[in-house]
Amino acid sequence: MARPILKTALCERLGIEYPILLAGMGSSGFATPPALVAAVSEAGGMGVLGGAGIPAEKLRQDIRAVRKLTRKPIGVDLLLPARLAEDAPPTRSAVREELKRKFPRHVAFVAELKRKYGLPDVVVENELVVAAHAEGGNKTPHEEQVDVIMAEDVQVFAAGLGDPSWVVPKARRRGMQVIGLVGNVRHAQRQVAAGVDIVVAQGYEGGGHTGKIANFPLLPQVVDAVSPVPVVAAGGIGDGRGVAAALSLGAVGAWIGTAFLVADECAIPEISKERIVNGRSEDFDICRVFSGKTMRGYRSEIVRAWEEADIEPLPMPYQKILMDDFCESAAAAGRWDLRSNPAGQIAGMLKRRQPAKEIFEQLVASTVATLERLKTTVTSG
Ligand SMILES: Cc1cc2nc3c(=O)[nH]c(=O)nc-3n(C[C@H](O)[C@H](O)[C@H](O)COP(=O)(O)O)c2cc1C
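Just so you know, these numbers come straight off a predicted model, no measurement behind them. (Residues numbered from 1 in each chain as written. Predicted model: local features only at pLDDT ≥ 70, side-chain atom pairs only at ≥ 80, totals over all residues.)

What to know about the domain arrangement of the chain
Thought 1: Entries for the chain in the domain assignment read domain 1 (1–84 + 127–268 + 351–381) and domain 2 (92–126 + 277–348).
Thought 2: With 24 residues of domain 1 in contact, the opposing surface of domain 2 contributes 19 residues.
Thought 3: If you list the elements that add at least two residues to the side of domain 1 that touches domain 2, you get strand S7 (208–209) and helix H11 (258–261).
Thought 4: When residues in the side of domain 1 that touches domain 2 are grouped by element, the largest group, three residues, is from H11. (Domains from an automatic or database assignment. Contact = placed C-beta atoms within 7 Å. Helix = DSSP H or I, 4+ residues; strand = E, 2+ residues; numbered from the N terminus.)

Quick word on the sheet that holds strand S3 (residues 74–79)
Thought 1: Spatial ordering of the open sheet is given by S1-S9-S8-S6-S5-S4-S3-S2, a layout of eight strands whose pairing is parallel. A strand with exactly one partner marks an edge of an open sheet, and here the two such strands are strand S1 (20–22) and strand S2 (47–50). Taken pair by pair, the neighbouring strands of this sheet meet at an average axis angle of 25°, ignoring direction.
Thought 2: Pairing geometry for strand S5 (residues 177–182) and strand S6 (residues 198–202), over four bridges, is parallel. Note that in S6 the partner of Ile179 across the bridge is Ile198.
Thought 3: Along the sheet face, helix H9 (residues 215–226) touches S5, S6 and strand S8 (231–234) and points at about 165° away from the line of S8. (Pairing = 2+ DSSP bridges. Axes fitted to C-alpha atoms, helices over the stretch in contact; angles between N-to-C directions.)

What about the pairing of S8?
Thought 1: Side chains Val231 and Ala233 of S8 all project onto a buried face; the interleaved residues Val232 and Ala234 project onto the opposite face, where all are buried too.
Thought 2: As judged from the four bridges shared by S6 and S8, these two strands associate in the parallel manner. Of the residues in S8, the one forming a bridge with Ala201 is Ala233.
Thought 3: In this structure, S8 lies alongside strand S9 (residues 254–256), joined through two bridges in parallel fashion. The residue bridging Ala234 from the neighbouring strand is Trp255, located in S9.
Thought 4: One crossover worth recording links S8 to the parallel S9 by way of helix H10 (residues 240–248), and it is right-handed. (Buried ≥ 20, exposed ≤ 12 C-beta atoms within 10 Å, placed from the backbone. Right-handed = clockwise from strand over helix to strand, strands pointing away.)

Here we look at helix H12 (residues 270–278)
An α-helix turns once every 3.6 residues. As a result, residues three or four positions apart point the same way.
Thought 1: Buried residues of H12: Ser272, Lys273, Arg275 and Ile276, and no others. Seen end-on, H12 carries its buried residues on one side only, within an arc spanning 160°. Facing away from the buried side of H12 by over 90 degrees, the exposed positions are Glu270 and Asn278. (Arc of directions from axis to C-beta.)

Details of the site of the ligand
Thought 1: Around the ligand there are 29 residues in total, and Gly26, Gly160, Gly207, Gly208 and Gly257 lie nearest to it.
Thought 2: Looking at the shell around the ligand, the elements with two or more residues in it are S3, S9 and H11.
Thought 3: Of the residues that constitute the shell around the ligand, the class distribution is 14 nonpolar, 14 polar and one charged.
Thought 4: Structurally, the shell around the ligand is a two-domain feature, drawing no fewer than three residues from each of domain 1 (1–84 + 127–268 + 351–381) and domain 2 (92–126 + 277–348). (Near = placed C-beta within 6 Å. Nonpolar A, V, L, I, M, F, W, Y, C, P; charged D, E, K, R; others polar.)

Have a look at this one:
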């Protein structure tokens, strides 16, 4: 059968067949492993590797692992550190010391949680994701990650959080495109001023860190504010009706996270996939428990425990360092159900676990079908 045709300006810009991108999802490499990234690129979209939290050398290995599976365009996404507390100490260990001194109630609450579930005391070993600027001329972990991305065979750099202006000139020299993720108009304007080539606007309904504005009001406003810079829609897209709606609102493509979390190639824990295929949209809510910033994910008993204790989560990076260690301890005990489980409201619509290629082909086919249906069910002129 002939392949369906679905093209927008994004396809030409990125050298891809269909305007559908796998969202770069950090999660220590579980959410967007090389096999998933490659499968989406091979299917005609663009796979984006979520590099957040992955040390530079491991990131290099992961990119090369993708390259063994596909020659098609790929991207890498990082969370850049612009909005960390200004005076936060530069390493995880230093943040831990400060936590003990300044926030003993939070530290004691997490210790109590560990006791309750019989978790061992394990801490995250790498010092990544804390320092905004290195001291004494050394490179920060983020600069090391960016160096790797620039040196490897990567076509797109995506900045999930933070200011990418220092990455843009490096990317330009290599002919790479830069994407900036935003959740409101002001941030979209800031990303364009920083020099990004494409804006991804992520609505409130999306999984992971998210802003306050839903896609219906967000997308057209961002499209108008940054025109002619192309805008890609993220958040709440799970089938072709969602992709077609995003195109109607002015986007030139879709950046999809949660719908690919149930792909066979995705390496998130079994319990997380089960929660998505069995859950309702309202089970995936926002909270600040796991990173200190608003993040949408499964409302687990750990989230509820924080709420019931009535302890306000700390700002980034304090809450993140505290809870990263809790999640590491939970993993050591095999309690994947107690870890952070980011996913979006569209989970309520996802009922099947499938290979990524099938998910992708259904997205394309149902977008084409929706656009065709509109021609016959809507009279206009
Ligand atoms: C498990 C998970 C991890 C995520 N990690 C990142 C990340 O590291 N960087 C980033 O830019 N966005 C991250 N996001 C947000 C996605 O890039 C994307 O914008 C979002 O998933 C879109 O909404 P959807 O989940 O409804 O498709 C993450 C989302 C999820 C669900």
